[in-house]
Amino acid sequence: VPVHMAYSNGPRCLKCTDNCPGLDLHYFRKICKNCRCLAEDHDMPSCQQRDCRPMSMLFQSCESIPPPSDSKPDWTAKFQKLSIIDPGDLTQITVPQNDVVMSKLISENVRSQKFISMLPEDKQEFASNLRRKQLQRQLPLHDLDPRFCNSLATSEMVKYEKFADRRRKKAAGIGQIGEVTSAGSVGCHNCQKKMEMGSPAVIVSKVPGDCWHPGCFVCSTCRQLLVDMIFFSKKGKIYCERHYADLLYPRCFACDEIIFSREYTQAEGRAWHVHHFCCWYCDAALAGQRYIAKDNNPYCVNCFDKLFSKICSTCQRPITADAPGVTHSDFHWHACPHCFSCHSCGRNLLNQQFMLKDGKLYCGMTCRHRSAPTCLTAAIARQFTQ
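So, here is what we can say about the structure in this document. (Residues numbered from 1 in each chain as written. Predicted model: local features only at pLDDT ≥ 70, side-chain atom pairs only at ≥ 80, totals over all residues. Heavy atoms only, no water.)

## Points about the overall build of the chain
(1) Moving on: When its secondary structure is counted, the chain shows 11 helices and 16 strands.
(2) Moving on: Going through the 386 residues of the chain one by one, you find that 42% of them count as buried.
(3) Moving on: A separation of at least 24 residues holds for 48% of the contacts in the chain among residues at least 6 apart in sequence.
(4) Moving on: Approximately 21,300 Å² of the chain is accessible, and the part contributed by carbon and sulfur atoms is 52%. (Helix = DSSP H or I, 4+ residues; strand = E, 2+ residues; numbered from the N terminus. Buried < 20%, exposed > 50% of the residue type's maximum accessible area, 1.4 Å probe, protein only. Contact = heavy atoms within 4.5 Å. Areas by Shrake-Rupley, 256 points an atom, 1.4 Å probe, with all protein chains shown as cover.)

Given below as structure tokens:
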């Protein structure tokens, strides 16, 4: 059963501040209905158990991944003695392989306890929220568990399970921290620069024989650091889960979920569930309808005119999407002889030189110095259009 979350006067938006009354999730988009920002852009309260869900779901039924030989320096044994803030978190991983548990210990204890605790108190919450946002972006819950999918049909579950099984068994892994033991003979898989002897390196079993500078262990698509060193491999390259999934299936630009159905819509260089290709503002279906794209989002013509149409400086009426317009500085006109004409004599100024004074158009200095229209046709035309 899909999980829907609703908030009444929910967490405030960190981008819009007081302009957003609080998070209210859209019924299929992963955005706030009030401000149209992403859910993770809101000041969600930190919850360690919730923040760890992506990792626990990811490695359920994961086959044992043998650690690379000689990849663990002596100091890793010390991490096994570190206390865990919430030991219950580890029970979420159904198969506690050493590499997963060790990585859990390193990431949670070193990042959360040691690193974050060394920050000033007013920065600790920021660091915790940043990590959570990275997890939500790189390991979206709707990619990891069908219970968080709102658009997955029952007939598509077989494809989903095959995709999840392939991801767990063949692609998923966690980078291990090791040390370079031979100088000048090992190069970083990313930047190709030689690794210095004794320097820390990230080693992965999925790509044997290669290692990375810690700062070079990034997703091959988004180039972002891989949070907690969780990666996915394909043809010798590493990815975050989001962009690994995008290599296999299209992703709906509206709801952010993977599209497993055969039929979907392609528009504006993106993929959409057929029933999600809707107006960004009013959610009216746009399949087979005329629409206008702005900032990568489609709008129906009515909403586009209501939200973005400029007002003609002559007739004070909106310049709709299907009406040609002329813009100069901060002023706008209908591109017609009645509106884009000399304010004094009524001369058509389309494709002609003109002068602008106090938002009014003039054909030359003589008309500019006149205080009122002298052409009866121009005066009547303006009165009629208003």
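## Observations regarding the nonpolar core
(1) Moving on: Counting residues in each nonpolar core, the largest one holds 36 residues, and the members touching the most others are Val204, Trp212, Phe217, Leu226, Phe232 and Ile238.
(2) Moving on: Only α7 (157-171), β1 (172-174), β3 (200-203), β4 (211-212), β5 (230-234), β6 (237-239) and α8 (241-248) provide two or more residues apiece to this core.
(3) Moving on: Here this core takes 4 residues from α7, the largest share from any one element.
(4) Moving on: With 19 residues, the next largest nonpolar core counts Phe28, Ile259, Trp272 and Ile292 among its residues. (Core = buried A, V, L, I, M, F, W, Y, C linked by side-chain atoms within 4.5 Å.)

## Some points on the sheet that holds β4
(1) Moving on: An order of β2-β3-β4 is seen for the 3 strands of this open sheet, with the pairing classed as antiparallel. Strand pairing shows two members of the sheet lacking a second neighbour, β2 (176-179) and β4, which therefore form its edges.
(2) Moving on: The pairing of β2 with β3 spans 4 bridges and is antiparallel. Note that in β3 the partner of Gly178 across the bridge is Ala201. (Pairing = 2+ DSSP bridges.)

## Overview of helix α9 (residues 301-308)
(1) Moving on: Burial in α9 covers these residues: Val301, Cys303, Phe304 and Asp305.
(2) Moving on: Buried residues along α9 sit against β9 (291-294) and β10 (297-300).

## Considerations on unusual backbone geometry
(1) Moving on: Positioned with a positive phi, Arg223 is a non-glycine residue whose angle comes to about 65 degrees.
(2) Moving on: For Arg223, the position within the fold is in the loop between β4 and β5.
(3) Moving on: Judged by relative accessible area, Arg223 falls into the partly exposed class, the value being 44%.
(4) Moving on: Backbone geometry at Glu268 places phi at a positive 55 degrees, although glycine is not the residue there.

## Considerations on the pattern of salt bridges
(1) Moving on: Taken as a whole and judged by the stated rule, the model has 9 salt bridges.
(2) Moving on: Of the charged contacts, one joins Lys15 and Asp41 as a salt bridge, the two residues approaching to 3.5 Å between their closest N and O atoms. Remark: Asp41 occurs in the segment before α1 (48-51) and Lys15 occurs in the segment before α1; sequence separation between them is 26 residues.
(3) Moving on: Taking relative accessible area as the criterion, Asp41 reaches 7% and is therefore assigned buried.
(4) Moving on: The residue Arg251 makes a salt bridge to Asp246 at a minimum N-O spacing of 2.8 Å.
(5) Moving on: Counted as one network, the salt bridges with shared partners bring together Asp143, Asp246 and Arg251. (Salt bridge = Lys/Arg side-chain N within 4 Å of Asp/Glu carboxyl O.)

## Points about the sheet that holds β6
(1) Moving on: With antiparallel pairing, the 3 strands of this open sheet are ordered in space as β1-β5-β6. Taken across any chain shown, the strands that pair with only one partner, and hence form the sheet edges, are β1 and β6. On average, adjacent strands in this sheet sit at an angle of 45 degrees to one another, irrespective of strand direction.
(2) Moving on: Here 3 bridges tie β1 to β5, and the two strands are oriented antiparallel to one another. (Axes fitted to C-alpha atoms, helices over the stretch in contact; angles between N-to-C directions.)

## Remarks on the state of the cysteines
(1) Moving on: A complete count under the given rule lists 0 disulfides for this structure.
(2) Moving on: The cysteine Cys35 is free of any disulfide, with Cys20 supplying the nearest cysteine sulfur at 3.6 Å.
(3) Moving on: Not part of a disulfide, Cys191 finds its nearest cysteine sulfur in Cys188, a span of 3.8 Å. (Disulfide = S-S within 2.5 Å.)

## Examining the environment of Gln224
(1) Moving on: Relative to the helices and strands, Gln224 is located in the loop between β4 and β5.
(2) Moving on: A relative accessible area of 44% means that Gln224 is categorised as partly exposed.
(3) Moving on: For the pair formed by Gln224 and Tyr239, sequence separation is 15 residues and the distance between their alpha carbons is 9.4 Å.
(4) Moving on: When residues no more than four places from it in sequence are discounted, the contact partners of Gln224 are Gln138, Val218 and Cys219.

## Considering the packing of aromatic side chains
(1) Moving on: Under the criterion given, the structure shown has 16 aromatic pairs.
(2) Moving on: Ring centres of Phe217 and Phe231 lie 5.9 Å apart, and the angle between their planes is 75 degrees; on these two criteria the pair is classed as edge-to-face. With a gap of 14 residues between them, Phe217 in the loop between β4 and β5 and Phe231 in strand β5 connect regions that are remote in the sequence.
(3) Moving on: Looking at Phe231, the relative accessible area reads 1%, which means it is buried.
(4) Moving on: Ring geometry for Phe253 and Trp272: centres 5.2 Å apart, planes at 75 degrees, overall edge-to-face. Here the residue Phe253 occupies a position in the loop between α8 and β7 (265-267), and Trp272 occupies one in strand β8 (residues 270-272), the gap between them amounting to 19 residues.
(5) Moving on: By relative accessible area, which is 34% here, Phe253 ends up partly exposed. (Phe/Tyr/Trp six-rings, centres within 6.5 Å; stacked < 30°, edge-to-face > 60°.)

## Remarks on the pairing of β10
(1) Moving on: A two-sided burial pattern is seen for β10, the buried positions comprising Asn297 and Tyr299 on one face and Pro298 and Cys300 on the other.
(2) Moving on: As paired elements, β9 and β10 share 4 bridges and run antiparallel to each other. Bridging from a neighbouring strand, Lys294 pairs with Asn297 of β10.
(3) Moving on: In sequence, β9 turns back onto β10 through a hairpin of 2 residues, with Asp295 there showing a positive phi of about 55 degrees.

Just distances and angles here, no functional claims.
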